[in-house]
Amino acid sequence: MKLTDVLVKCLENEGVEYVFGIVGTETLDLADSLSRSAKIRYINVRHEQGAAFMADVYGRLSKKAGVCLSTLGPGAANLVTGIASAKLDHSPLVALIGQAGVERQHHESHQYVDIVKMLDPATKWSTQIQDSKTVPTVVRKAFKIAQMEKPGSVAMVLPENFTAEQITNTPLPVTPLPEIVPDKEALMTAEELIHTYKKPFILIGKGVIRQEAVEELQTFINTLQSPAAHSFMAKGVLEKENPLNFYTFGFKENDTVLNGINEADLLVVIGFDFVEQLPNSWNKHKLPVLHIDTIPAEVNEYYPVKWELVGNIKKTLRSLNGAALTRKAWLPSGNLQAKIELNYRITKQIDETLTIENVLKLIEMHSSEETIVISDVGSHKVSIAKTYQPKKPNRLIISNGLATMGIAIPGSIGAKLACPANPVICVTGDGGALMNFAEIETAKRLGLLFTIIVLDDSMLKLEVKQMNKKFGHHYGVTFQNPDFVELARSFGITGVRPHSLSELQTILTQPQTEIVLIDLVTQK
């Protein structure tokens, strides 16, 4: 078989269902090999950045690595933002990238740049095939690294001169990822630490969801009876009505949860990723930390670790739950939960105005447990992190590592392919929407159904707020928008513009037969 046939067999062996990308001269053989695969569907997209975002969100929801494809030079450069986003959001992703033949790489050459060097800081591992016979080994290593804790992006660069070469190699067996668990002595020390302190506060990170440890963490919290709060990307671990749920922490301003954290005498930090918010923002008092995660704690002045349990979070919590944990029932003073609900606008009060908070309450009211909401990046992301309460974990997708504008529309495609039976609602600002709006054609061509809500205010609202606060005026952060309703219709999808919350409710509750774009014109 030619090398690209073997490469596709290796992808099939890894359980790959979709490859998102754009074909170029250097990847023609790979496209030809993909066309004969009975297990993999190639999704040709409109921009390589969109391909990486699709692979990112698909990876988060499917629990396996998403795969994207580009050609050399500008195609590879277009992948960088999405690849870097997957690395910092800890989404498993493997990028396959065409490259000039090795005979062209020793001197200046058309469209040639050193892709491995370019992608090295944006990935967990980047490599170029140097010997055609190593393809099965490199593919197996790439997927293993991409999926190992903490997951992230990997890039495999394939020079054109190898693609049609005949080889006899076959895929390597896929083996389970290695797992470690803390030993009995480490667990006993953690139990003693919890016993010693009177007021632990539990901080929940996305690692709890990645490690499928939600049930074990809920048992842990309910046993201790101590307050808990979520990072942006971990929302949904505790049900909204849980009296120990103090919602979300990690905001740069008006982080009401900090009042409760500051009353604690021990922080139990579980599966938290520093890329979401450094501890100097939420542990200003340098409270002692019990670190529970898949990798050792980072050294940080504001993260003074008293003890750490490193290993599989699910099994670690299961072991702790099996011990005689001391009940640590306490609540922050001043009816803090009610204050958070008021400040974050989590209350049920709703009127007819089309504010982002009212829109989010309406979505929450009419969504099922399986509804997936995908947030783009902008001012509305902060509102979603505060106000919207998903009914289950991993049903709110937020980019909070690289915090990348433009992820929501292509991410919705990845979400629908990973979870075809689940409703998907994309919430995006007008800035993020137009960055990858062309992928609506991809979604339409695939026959996917989801809802896009565009917050239409002709500005980068977060930056407007920040500049007004800092300088008393803003500059360079406003623009003019197209008519989103007409633009949607030009793509062959439904475009509507509600003028009240009642109209929006009618739209959201109608049976969906095609993609619907809702243009919400908000106050300038």
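Coordinates for the structure precede this section.
Parameters and conventions
Residues numbered from 1 in each chain as written. Predicted model: local features only at pLDDT ≥ 70, side-chain atom pairs only at ≥ 80, totals over all residues. Heavy atoms only, no water. Core = buried A, V, L, I, M, F, W, Y, C linked by side-chain atoms within 4.5 Å. Buried < 20%, exposed > 50% of the residue type's maximum accessible area, 1.4 Å probe, protein only. Helix = DSSP H or I, 4+ residues; strand = E, 2+ residues; numbered from the N terminus. Contact = heavy atoms within 4.5 Å. Expected span 1.5 Å × (residues − 1). Bend = angle between axes of the 7 residues up to and from the residue. Polar contact = N/O pair within 3.5 Å; in protein donor to acceptor, adjacent residues only side chain to side chain. Phe/Tyr/Trp six-rings, centres within 6.5 Å; stacked < 30°, edge-to-face > 60°. Pairing = 2+ DSSP bridges. Axes fitted to C-alpha atoms, helices over the stretch in contact; angles between N-to-C directions.

## A few points about the nonpolar core
Moving on, step 1. Counting 54 residues, the largest nonpolar core has Phe20, Ile97, Ile452 and Leu517 as the members making the most contacts within it.
Moving on, step 2. Here the element with the most residues in this core is helix H3 (residues 48-62); it accounts for eight residues.
Moving on, step 3. Setting aside chain neighbours within four positions, we find Ile97 in contact with Ser70, Thr71, Ala76, Leu79, Ile115, Leu119, Ala155, Met156, Val157 and Leu158.
Moving on, step 4. Of all hydrophobic cores here, the second largest spans 47 residues; its members include Phe274, Val289, Val427 and Ile518.

## Examining helix H4 (residues 74-88)
Moving on, step 1. Here H4 is 15 residues long and its end C-alpha atoms lie 22 Å apart, about the 21 Å a rise of 1.5 Å per residue gives.
Moving on, step 2. At Val80, H4 shows its largest bend, some 35°.
Moving on, step 3. Next to the buried residues of H4 lie H3, strand S3 (66-70), strand S4 (93-99), helix H5 (115-119) and strand S6 (153-159).
Moving on, step 4. Of the residues one or two after H4, His90 is the one with positive phi, at around 55°.

## Quick word on the side chain of Thr316
Moving on, step 1. Residue position: Thr316 is located in helix H11 (residues 313-321).
Moving on, step 2. A residue is classified by how much of its surface remains accessible, and Thr316, at 1% relative accessible area, is buried.
Moving on, step 3. A polar contact of 2.7 Å, which involves the side chain of Thr316, links it to the backbone oxygen of Asn312.
Moving on, step 4. When near neighbours in sequence (up to four residues on either side) are disregarded, Thr316 contacts Pro182, Leu187, Ile292, Leu309 and Gly311.

## Some words on the packing of aromatic side chains
Moving on, step 1. With the rule as written, the count across this model stands at 15 aromatic pairs.
Moving on, step 2. Judged by centre distance (6.4 Å) and plane angle (65°), the rings of Phe201 and Trp330 are edge-to-face. Within this pair, whereas Phe201 is found in strand S7 (residues 200-204), its partner Trp330 is found in the loop between H11 and helix H12 (336-343), the two being separated by 129 residues in sequence. The residues Phe201 and Trp330 share a single accessibility class, namely buried.
Moving on, step 3. Seen from their ring centres, Phe437 and Phe491 are 5.4 Å apart, and the 70° between their planes marks the pair as edge-to-face. One end of the pair, Phe437, is in the loop between helix H16 (430-435) and helix H17 (439-446); the other, Phe491, is in the loop between helix H19 (484-490) and strand S17 (494-496), and 54 residues separate them in sequence.
Moving on, step 4. Under the relative-accessibility criterion, Phe491 is labelled partly exposed at 24%.

## Digging into the sheet that holds S4
Moving on, step 1. Spatial strand order, S2-S1-S3-S4-S6-S5: six strands in an open sheet with parallel pairing. The sheet is open, and its two borders are formed by strand S2 (41-44) and strand S5 (125-128), each paired with just one other strand. Taken over all neighbouring pairs, the strand axes of this sheet differ in orientation by 20° on average, direction set aside.
Moving on, step 2. Bridge count between strand S1 (residues 18-21) and S3: three bridges; the pairing is parallel. In the strand pairing of S3, Gly21 is matched with Leu69.

## Focus: the sheet that holds strand S8 (residues 228-230)
Moving on, step 1. Ordered in space as S9-S8-S7-S10-S11-S12, the six strands form an open sheet in which the pairing is parallel. Of all the strands in the sheet, the pair left with one neighbour each is strand S9 (245-248) and strand S12 (305-310). Going across the sheet, the axis of each strand differs from the next one's by a mean of 20°, ignoring polarity.
Moving on, step 2. Two strands pair when backbone bridges link them, and strand S10 (residues 266-270) and strand S11 (residues 289-293) are joined in this way by four bridges, in the parallel orientation. Bridging from a neighbouring strand, Val269 pairs with His291 of S11.

## Observations concerning the pairing of S10
Moving on, step 1. Within S10, five of the five residues are buried, which leaves the element mostly enclosed by the surrounding structure.
Moving on, step 2. Side chains Leu266, Val268 and Ile270 of S10 all project onto a buried face; the interleaved residues Leu267 and Val269 project onto the opposite face, where all are buried too.
Moving on, step 3. Note: S7 against S10, five bridges, orientation parallel. Bridge pairing in S10 places Phe201 opposite Leu267.

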